[in-house]
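# Topology and contacts: notes
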Amino acid sequence: MPKTRQAWMIMTIVVAVVGSVWAMLNRVPVELQNPSGRPPAPQAGHLAPDFTLTMEDGEQIALSDFRGTPVVLNFWATWCGPCRAEMPAFESIWRESDGQVQFIGVNVQESAAQVSAFATGLGISYPLPLDPNAAIARVYRVRAFPTTLFIDEQGVIQEMILGQVNEPSLDANVSNLLEN
Amino acid sequence: MYPVLQIGGASIQTPGLALLVGVWIALDIFSREAGRRRQNAEHAYNAGFYALIGGLIAARLSFVVLHFESYLDSPLSIFSILPGSALPNVGFIAGIIVWLVFLKRKNTLKLEMLDAAAPALAILAVAVAAANFLSGDGYGLETSLPWAIDLWSAKRHPTQIYELLGALAVFGFLWRYRTRWSFDGAASLAWVISYSVVRLVLEAFRADSWLLLGNLRGIQVVSLLAIVAVMLLLARRAQKSRGV
């Protein structure tokens, strides 16, 4: 350990110079500097992994189709009580937003007939694509139903919520997406 | 990466569990160290506990205040504990304030108490690195090195493991020298320097750094400033002690 002020000052200058050179050498490459430059991953702050799925009417839908619009992506199943409980609020906000926010409800491992009957019964009109083999649910590491992701207009996940989303929390997270 | 542990019908968030275990061990070390330094060990433990509770409440309440209109129709939802309905940064700052205020009110906010906290802070850093490893946060740059880990569809530097080992080294250093510091506050300054060196070096391998002044890694800039500030403080102290 240095004993004198002079020795400390010399050591401080050496550390400052070496540290600055190290920091300059490790500047972040340009390709990693924008939010969508982050690797796709089911995690807040990352680009949401893209997918293409088929709806119950046979039409295809891709997440990347909605780039430029905030998306609420919900994984659900008809047997899941909390999913059933939260979906009317999704429908309500989707209608109110008038296209400013897109809701997508990915049904996991159920038939088109089941999903269609469920949607009619509950009055759900936002897209409900089918994930018959749970391939997309695995990509998104869905461990529990429902799982909901809030994705901004650049395709970056802002929030991921496991379990039923209550109305105030849904409202607040959608507001965040719109403010972004 | 194992973000969720499924035990029967229960889903346990492993990063949160790692942090909780880390906080528990850190509080224990903090209170033991405080006792060894003839400070009130009970106050040390309670300060950490209240900081944790205060931080959690502040993180949740700040979210509610920010989105107050959303809660007007359903005020009971304020008490719902959804992970996505809190502001962790506000909670962290509030936790530090609660910790300082508690110690101040108990007349135990002394350099010896801060020194007692130094090894505990190193253990907290170990817990944060472990939590990041479990969740996949704090991920590294892509690499072809043989010890690369498969994360987010690429082979990457295991930065979480680097940081865990770095924090363990800081803890080992502080623990080994804990009875040998020559003045009050030395252990705290040693923590600032050693942890800042670890962050300055290891941040270079991270792919998720926050940026400062264009493309500089913010953590490296902050760490370097902290190291230089402490060294200048030590230089000034050396001058004073020679002048006496």
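For the structure given in this document, a descriptive report is provided here. What you see is a predicted model, and the numbers here were worked out from it, not measured in a lab.

## Some thoughts on the nonpolar core
Counting residues in hydrophobic clusters, the biggest one holds 24 residues, and the most contacted among them are B:Phe30, B:Trp99, B:Met113 and B:Leu174. Breaking this core down by element, the ones donating at least two residues are helix H1 (14-36), helix H2 (41-66), helix H4 (88-105), helix H5 (111-135), helix H6 (159-176) and helix H7 (186-202) of chain B. Here this core takes seven residues from H5(B), the largest share from any one element. Ignoring any residue separated from it by four or fewer positions in sequence, one finds B:Met113 in contact with B:Phe30, B:Ala34, B:Gln39, B:Asn40, B:Ala44, B:Leu103 and B:Thr108. In terms of nonpolar packing, the next biggest core, distinct from the first, is built from 23 residues, A:Met87, A:Phe103, A:Leu128 and A:Val174 among them.

## What to know about the environment of B:Trp210
Residues and elements named next belong to chain B. Locating Trp210 in the fold gives a position in the loop between H7 and strand E5 (211-212). Spatially, the C-alpha atom of Trp210 lies 9.9 Å from that of Gln220, the residues being 10 residues apart in sequence. In this view, Trp210 contacts Leu216, Arg217, Gly218, Ile219 and Val222; residues no more than four positions away in its chain are not counted.

## Here's the deal with the packing of aromatic side chains
Enumeration over the complete set of coordinates arrives at 16 aromatic pairs over all chains. An angle of 45 degrees between the planes, with centres 5.4 Å apart, marks the rings of A:Phe75 and A:Tyr140 as tilted. Remark: A:Tyr140 occurs in the loop between helix H4 (135-139) and strand E6 (147-151) and A:Phe75 occurs in strand E3 (residues 71-76); sequence separation between them is 65 residues. Owing to a relative accessible area of 0%, A:Phe75 belongs among the buried residues under this scheme. When the ring of A:Phe90 is compared with that of A:Phe103, the centres are 5.5 Å apart and the planes differ by 45 degrees; the resulting orientation is tilted. Within this pair, whereas A:Phe90 is found in helix H2 (residues 81-97), its partner A:Phe103 is found in strand E4 (residues 102-108), the two being separated by 13 residues in sequence. Like A:Phe90, the residue A:Phe103 is buried in the burial classification. Cation over ring: B:Arg178 sits above B:Trp175, and NZ or CZ is 3.9 Å from the ring centre.

## Regarding empty space enclosed by the protein
Residue and element names in this part refer to chain A. Scanning the entire structure with this criterion turns up one cavity of 30 Å³ or more. Reported here for the largest cavity is a volume of approximately 80 Å³. Lining the largest cavity, in full, are Ala48, Asp50, Leu63, Ser64, Phe66, Arg67, Thr69, Val71, Ile151, Asp152 and Gly155. Of the residues contributing to the lining of the largest cavity, the split by class is five nonpolar, three polar and three charged.

## Overview of the packing of H5(B) against H6(B)
Residues and elements named next belong to chain B. Running from N to C, H5 and H6 point in directions that differ by 165 degrees, and their axes come no closer than 8 Å. Taken as axis vectors, H5 and H6 run roughly antiparallel relative to one another. The chirality of how H5 crosses H6 is left-handed. Residues Ala118, Pro119, Ala122, Ile123, Ala125, Val126, Ala129, Ala130, Asn132 and Phe133 of H5 lie in contact with H6, whose contacting residues are Gln160, Ile161, Glu163, Leu164, Ala167, Leu168, Val170, Phe171, Leu174 and Trp175. The residue makeup of the contact of H5 with H6, split by class, is 17 nonpolar, two polar and one charged.

Reading guide: rules and limits
Residues numbered from 1 in each chain as written. Chains lettered and ligands numbered in written order. Predicted model: local features only at pLDDT ≥ 70, side-chain atom pairs only at ≥ 80, totals over all residues. Heavy atoms only, no water. Core = buried A, V, L, I, M, F, W, Y, C linked by side-chain atoms within 4.5 Å. Buried < 20%, exposed > 50% of the residue type's maximum accessible area, 1.4 Å probe, protein only. Helix = DSSP H or I, 4+ residues; strand = E, 2+ residues; numbered from the N terminus. Contact = heavy atoms within 4.5 Å. Phe/Tyr/Trp six-rings, centres within 6.5 Å; stacked < 30°, edge-to-face > 60°. Lys NZ or Arg CZ within 6 Å of the ring centre and 35° of its normal. 1 Å grid on protein atoms, 1.4 Å probe; cavity = no way out; pocket = protein on both sides within 12 Å on 5 of 7 lines; lining within 4 Å. Points joined across faces, edges and corners; volume = space filled by probe spheres on them. Nonpolar A, V, L, I, M, F, W, Y, C, P; charged D, E, K, R; others polar. Axes fitted to C-alpha atoms, helices over the stretch in contact; angles between N-to-C directions. Parallel < 35°, antiparallel > 145°, perpendicular 65-115°, else oblique. Left-handed = near helix turned anticlockwise from the far one by under 90°.

As far as function goes, none of this settles anything; it's purely spatial.
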